[in-house]
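Descriptive analysis of the structure
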Amino acid sequence: MKLRIQKIQHIGIPVTDLNRSVAFYESLGFKNIMNSQFEIAGEKGGLVNMMQSGEVIVELYQLPASHLAEIAARKNGHIDHIAFDVEDVEACYEALKANGFNPIEEAPVFLAFWQKGCKYFNILGPDGERLEFNQVL
């Protein structure tokens, strides 16, 4: 079998407070391009927002209140991090710090990846998801 996967369509992230997460991603420049509701195990009340920045789409979804414990109880299936390409990692780092974000690293970190290396740093989203900002050098 040869699949013709072309690109990532979206990345789904379970959240505990959809409004808080939407506001967080909007502060990073994402736009809300779709919102809807869904059912889980026959129960209404699931909420979902698709957030887009450029070609990147992040699906933020909140389970109905009776299912929120499922997110905390998961032992697998969570995303370790989402990495975004940026043109200038140093400028991005300073802009996020100046706007109240708290990068995990004290400065962008160099890795000997790719031909000339890359630099990256991370911030945390409202539910602890790591967002990596990465520049391939």
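Here's what I pulled together on the structure shown here. These numbers were taken from a predicted model, which means no experiment stands behind them.

Criteria and thresholds
Residues numbered from 1 in each chain as written. Predicted model: local features only at pLDDT ≥ 70, side-chain atom pairs only at ≥ 80, totals over all residues. Heavy atoms only, no water. Helix = DSSP H or I, 4+ residues; strand = E, 2+ residues; numbered from the N terminus. Contact = heavy atoms within 4.5 Å. Areas by Shrake-Rupley, 256 points an atom, 1.4 Å probe, with all protein chains shown as cover. Lys, Arg positive; Asp, Glu negative; His and termini not counted. Charge placed at Lys NZ, Arg CZ, Asp CG, Glu CD. 1 Å grid on protein atoms, 1.4 Å probe; cavity = no way out; pocket = protein on both sides within 12 Å on 5 of 7 lines; lining within 4 Å. Points joined across faces, edges and corners; volume = space filled by probe spheres on them. Nonpolar A, V, L, I, M, F, W, Y, C, P; charged D, E, K, R; others polar. Pairing = 2+ DSSP bridges. Axes fitted to C-alpha atoms, helices over the stretch in contact; angles between N-to-C directions. Buried < 20%, exposed > 50% of the residue type's maximum accessible area, 1.4 Å probe, protein only. Arc of directions from axis to C-beta. Polar contact = N/O pair within 3.5 Å; in protein donor to acceptor, adjacent residues only side chain to side chain.

**What about the overall build of the chain?**
Along the backbone of the chain there are 3 helices and 8 strands. When the elements of the chain are put in sequence order from the N terminus, they spell out β-α-β-β-β-α-β-α-β-β-β. Sequence separation of at least 24 residues holds for 47% of the intrachain contacts in the chain that already meet a minimum separation of 6. Accessible surface, the chain as shown: approximately 8900 Å² in total, 52% of it carbon and sulfur. Here the chain contributes 12 positive and 18 negative side-chain charges, whose respective centroids are spaced 6 Å apart.

**Describing the layout of surface pockets**
In this structure, the largest pocket spans a volume of roughly 440 Å³. Lining the largest pocket are 20 residues; nearest its centre among them are Val-56, Ile-82, Ala-83, Phe-84 and Asp-85. Breaking the lining of the largest pocket down by element, the ones donating at least two residues are β4 (56–62), β5 (81–85) and β8 (130–136). For the lining of the largest pocket, the element with the most residues is β5, which contributes 5 residues. Classifying every residue of the lining of the largest pocket by side-chain character gives 11 nonpolar, 6 polar and 3 charged.

**Focus: the sheet that holds β5**
With respect to topology, 4 strands assemble into an open sheet ordered β5-β8-β7-β6, the strand pairing being mixed. Two strands lie at the open edges of the sheet, namely β5 and β6 (109–111), each paired on one side alone. The sheet shows a mean angle of 30° between the axes of neighbouring strands, taken without regard to direction. Pairing geometry for β5 and β8, over 5 bridges, is parallel. When the sheet's bridge partners are listed, His-81 is paired in β8 with Arg-130. On top of the sheet, helix α3 (residues 89–98) reaches β7 (118–124) and β8; it is set at about 20° to β7, its chief contact.

**Side note on the environment of Leu-68**
On the secondary structure map, Leu-68 appears in helix α2 (residues 68–73). Taking the C-alpha atoms as reference points, Leu-68 and Thr-16, separated by 52 residues in sequence, lie 6.9 Å from one another. Residues contacting Leu-68, with those up to four places away along its chain left out, are Val-15, Gln-62 and Leu-63.

**Concerning α3**
The α-helix winds at 3.6 residues per turn, so residues separated by three or four positions along the chain end up facing the same way. Listing the buried residues of α3 in full gives Val-89, Cys-92, Tyr-93 and Leu-96. Along the axis of α3, the buried residues cluster in a sector spanning 100°; they form a single face. Each element contacted by the buried residues of α3 is listed here: β7 and β8. Looking at where α3 begins, the residue whose side-chain oxygen comes 3.1 Å from the main-chain nitrogen of Glu-90 is Asp-88.

**Some remarks on the sheet that holds strand β3 (residues 43–53)**
Pairing in this open sheet of 4 strands is mixed, and the strands run β1-β4-β3-β2 from one edge to the other. Here the strands that pair on one side only, and so sit at the sheet edges, are β1 (11–14) and β2 (31–40). The average undirected angle you get between the axes of adjacent strands in this sheet is 25°. Examined bridge by bridge, β1 and β4 share 4 bridges and lie parallel to one another. In the strand pairing of β4, Gly-12 is matched with Glu-59. Across the face of the sheet, helix α1 (residues 18–27) comes into contact with β1, β2, β3 and β4 while running at roughly 5° to β3.

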